[in-house]
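For reference, the chains in residue letters:
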Amino acid sequence: MKIPHLAGILLISTATMALLTSCASDTKNAKGQVKVTASGDTVAVETETADTTRQPVDTAKYNALLTKLANGDTTGKWPVKNQPYPLAGAILPFKRIVVYYGNLHSKKMGALGEYAPKEMWSKLNKEIKHWEKVDPATPVQAGLHYIAAVASGTPGKDGKYINRMANSQIDSVLAIAKMRPNTIVFLDLQVALSNIKAELPHIEKYLQLPYVHLGIDPEFSMKDGSLPGRKIGTYDAVDINYVSQYLADMVKKHNLPPKVFVIHRFTKKMVSNYQNIKLRPEVQVVMHMDGWGEPELKKGTYRHFIYSEPVQFTGFKLFYKNDLKKAPNRLMTPEELMKLKPAPIYIQYQ
C-alpha cells in the first residue's frame, strides 16, 4: 500500500492564538406563547424558545437512501445497522458533499489555496455539475475544507510542531465560502505533538456556527512523540468518541443542525478499535479514504480500510496531481466512484 510522501511540509510562522470566546448561539425568539393561570384564564407571555423551523428527518427516506448508498452490498456490513437517526437539519445522506481542500498559505496543499477564489470556484462548480449529472437524484452540498492547524517541520514556540492558523485566515475562508450561497466549511486539525483535546478549543467559536463542520487527520496525530511526516500517526475510538461528544454537546447547547465529522484514513493503524466508535444523533461520522495513487490502488485502499471497517458514512479523496503519477495517469471519475460499495457521500478534491 502506497503512502503519500510527506516531504516538504510547508513551514510558516507560528501564529499565537488565545482560547476563543463563545459566539452567539443559533437560536431565535418566539413570542406569544399562551399561559394558563390558576383561575383558568389564558394570557399571552413573551418567552425565548429554540428555533424549530428545521424539519424532522424523514426516517423512511433516510433508510432508503442508506440502502441506495450500499449499492447492493450483501455482506451485511452496509448499510450500518442500529445507527441513530440524525437530528433535524442533517445533510447526510440527503445531499452529497463535494469540497475543495487546502490551506491559503500554500499552493501545494490543495486546490483551496492554489487558485484565486474566483478561479477556484469556477473549477469546483464544474466538479459539482459533473456529480449532479451522474447522480441527479442526490443534490450536491458545496463545501470548503480548510486545514486550520498544519503539522510543521519545525517545533515552534511550544515545541508541538504545529502551525495554528490565525483567526484572520479562517475568516478569509468563511468569506470565500460566502461567494457561493449556502456553502459549508470544514476546519481540519493536524495536531502533530499536541492532542485533539488541546486543539479543539482554538476553533470552538467557529464550530458554534451552523455551517462549520470538523475534520481530523490521524496521519498527523503523533502519540509516540515521532515528528510529523516521518511515520503515520493514529487515533483510537476513544479519541474519536471524545470529539463526537464535544460536537454533540455543542449542537445541543446552541441548537445547531448535526455536525459532519470527517476522519481521514488510508491505513489500518490510523484508526484503532473502529467497532467502538459511538454514533450520535447530533453528529454524522464520515470515514474518508485519503490515499493517493492509480485507480486500482485507491479502490484497494477503500475496500480494505473503509468498506471492511464500517462506521457510518464514507468519503473519497481525489488528488489532482498525485493521482496522475502512475499509469493510467488519470483521476477516477464520479461514474467510477458511484460503483463503489458503499458509494461515497463525501467527495474531496485536493
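Residues numbered from 1 in each chain as written. Predicted model: local features only at pLDDT ≥ 70, side-chain atom pairs only at ≥ 80, totals over all residues. Heavy atoms only, no water.

1. Concerning the overall build of the protein
Turning to step 1, where the next piece is worked out: Per the secondary structure count, the protein includes 9 helices and 13 strands.
Turning to step 2, where the next piece is worked out: Relative to its 350 residues, the protein shows a buried fraction of 52%.
Turning to step 3, where the next piece is worked out: Counted over contacts in the protein with a minimum sequence separation of 6, partners at least 24 positions apart contribute 75%.
Turning to step 4, where the next piece is worked out: Roughly 15700 Å² of accessible area belongs to the protein as shown, and the carbon and sulfur atoms make up 54% of that amount. (Helix = DSSP H or I, 4+ residues; strand = E, 2+ residues; numbered from the N terminus. Buried < 20%, exposed > 50% of the residue type's maximum accessible area, 1.4 Å probe, protein only. Contact = heavy atoms within 4.5 Å. Areas by Shrake-Rupley, 256 points an atom, 1.4 Å probe, with all protein chains shown as cover.)

2. Details of the environment of alanine 90
Turning to step 1, where the next piece is worked out: Considering the arrangement of structural elements, one finds alanine 90 in the loop between helix H1 (59-70) and strand S3 (96-102).
Turning to step 2, where the next piece is worked out: Once the C-alpha coordinates of alanine 90 and proline 56 are considered, the two residues, 34 residues apart in sequence, prove to be 9.0 Å apart.
Turning to step 3, where the next piece is worked out: Residue contacts for alanine 90: discarding those within four places in its chain leaves Val57, Pro258 and Gln284.

3. Structural notes on the confidence of the model for the protein
Turning to step 1, where the next piece is worked out: On average, residues of the protein score 87 in pLDDT, and 85% of them reach the 70 mark or higher.
Turning to step 2, where the next piece is worked out: Here residues 1-52 scores under 50 on pLDDT; set against residues more than four positions off or in separate chains, the count is 93 contacts. (pLDDT = per-residue confidence, 0-100.)

4. Some details on empty space enclosed by the protein
Turning to step 1, where the next piece is worked out: With the rule as written, the count across this model stands at 3 cavities of 30 Å³ or more.
Turning to step 2, where the next piece is worked out: Taken as a whole, the largest cavity spans an internal volume of roughly 90 Å³.
Turning to step 3, where the next piece is worked out: At the level of elements, H1 and strand S12 (313-318) are the ones that each hand at least two residues to the lining of the largest cavity.
Turning to step 4, where the next piece is worked out: A class-by-class count of the residues in the lining of the largest cavity yields 10 nonpolar, 3 polar and no charged. (1 Å grid on protein atoms, 1.4 Å probe; cavity = no way out; pocket = protein on both sides within 12 Å on 5 of 7 lines; lining within 4 Å. Points joined across faces, edges and corners; volume = space filled by probe spheres on them. Nonpolar A, V, L, I, M, F, W, Y, C, P; charged D, E, K, R; others polar.)

5. Describing the pairing of S3
Turning to step 1, where the next piece is worked out: Taking burial as the measure, the 7 residues of S3 include 7 buried ones, the bulk of the element.
Turning to step 2, where the next piece is worked out: Neither face of S3 is exposed, since Arg96, Val98, Tyr100 and Gly102 on one face and Ile97, Val99 and Tyr101 on the opposite face are all buried.
Turning to step 3, where the next piece is worked out: Inspection of the sheet shows S3 paired to strand S4 (residues 140-151) by 7 bridges, in the parallel sense. Bridged to isoleucine 97 within S4 is glutamine 141. (Pairing = 2+ DSSP bridges.)

6. A few points about the layout of surface pockets
Turning to step 1, where the next piece is worked out: Each pocket or cavity is described by its volume, and for the second largest pocket that value is around 500 Å³.
Turning to step 2, where the next piece is worked out: Lining the second largest pocket are 23 residues, and of these Gly89, Ala90, Ile91, Lys95 and Gln141 lie nearest its centre.
Turning to step 3, where the next piece is worked out: Of the residues assigned to the lining of the second largest pocket, the class counts are 14 nonpolar, 6 polar and 3 charged.

7. Digging into the packing of aromatic side chains
To describe a pair of aromatic rings, you give the distance between the ring centres and the angle between the ring planes.
Turning to step 1, where the next piece is worked out: Scanning the entire structure with this criterion turns up 8 aromatic pairs.
Turning to step 2, where the next piece is worked out: Ring plane angle 50 degrees and centroid distance 6.1 Å describe the contact between tyrosine 62 and phenylalanine 94, whose orientation is recorded as tilted. In this pair, tyrosine 62 sits in helix H1 while phenylalanine 94 sits in the loop between H1 and S3, placing the two residues 32 residues apart along the sequence. Considered together, tyrosine 62 and phenylalanine 94 belong to a single accessibility category, that of buried residues.
Turning to step 3, where the next piece is worked out: Ring geometry for tyrosine 242 against tyrosine 246: centres 6.5 Å apart, planes inclined by 35 degrees, an arrangement best described as tilted. Of the two residues, tyrosine 242 and tyrosine 246 are both situated in helix H7 (residues 237-254); the distance of 4 residues between them amounts to about one turn of the helix.
Turning to step 4, where the next piece is worked out: By relative accessible area, which is 31% here, tyrosine 242 ends up partly exposed. (Phe/Tyr/Trp six-rings, centres within 6.5 Å; stacked < 30°, edge-to-face > 60°.)

8. Comments concerning unusual backbone geometry
Turning to step 1, where the next piece is worked out: A cis geometry characterises the amide bond from tryptophan 78 onward to proline 79, with omega recorded as -5 degrees.
Turning to step 2, where the next piece is worked out: For proline 79, the location among the structural elements is in the loop between H1 and S3.
Turning to step 3, where the next piece is worked out: A cis amide bond, omega -10 degrees, links lysine 341 with the succeeding residue proline 342.
Turning to step 4, where the next piece is worked out: Structurally, proline 342 is set in the loop between helix H9 (334-337) and strand S13 (346-349).
Turning to step 5, where the next piece is worked out: At asparagine 182, a position not held by glycine, the phi torsion is positive, near 70 degrees.
Turning to step 6, where the next piece is worked out: Along the polypeptide, asparagine 182 turns up in the loop between helix H4 (167-177) and strand S6 (184-189).
Turning to step 7, where the next piece is worked out: Residue class for asparagine 182 comes out exposed when judged on its relative accessible area of 70%.

9. Section: the pairing of S6
Turning to step 1, where the next piece is worked out: Among the 6 residues in S6, 6 count as buried, and that is most of the element.
Turning to step 2, where the next piece is worked out: In this sheet, strand S7 (residues 212-216) lies alongside S6 in parallel orientation, the contact comprising 5 bridges. Bridge pairing in S7 links phenylalanine 186 to histidine 213.

10. Concerning the nonpolar core
Turning to step 1, where the next piece is worked out: Ranked by size, the top nonpolar core spans 98 residues in total, and within it Leu144, Leu214 and Phe261 carry the most contacts.
Turning to step 2, where the next piece is worked out: Looking at this core, the element that brings in the most residues is S4, giving 9 residues. (Core = buried A, V, L, I, M, F, W, Y, C linked by side-chain atoms within 4.5 Å.)

11. Considering H7
Turning to step 1, where the next piece is worked out: Compared with an ideal rise of 1.5 Å per residue, which puts 18 residues at 26 Å, H7 spans 26 Å between its outermost C-alpha atoms and is within 8% of the ideal.
Turning to step 2, where the next piece is worked out: By the burial criterion, the buried members of H7 are Ala237, Asp239, Ile240, Asn241, Val243, Ser244, Tyr246, Leu247, Ala248, Met250, Val251 and His254.
Turning to step 3, where the next piece is worked out: Of the residues that open H7, the one with a side-chain oxygen 3.0 Å from the backbone nitrogen of valine 238 is aspartate 236.
Turning to step 4, where the next piece is worked out: Phi turns positive one or two residues past the end of H7, at asparagine 255, with a value near 55 degrees. (Expected span 1.5 Å × (residues − 1). Polar contact = N/O pair within 3.5 Å; in protein donor to acceptor, adjacent residues only side chain to side chain.)

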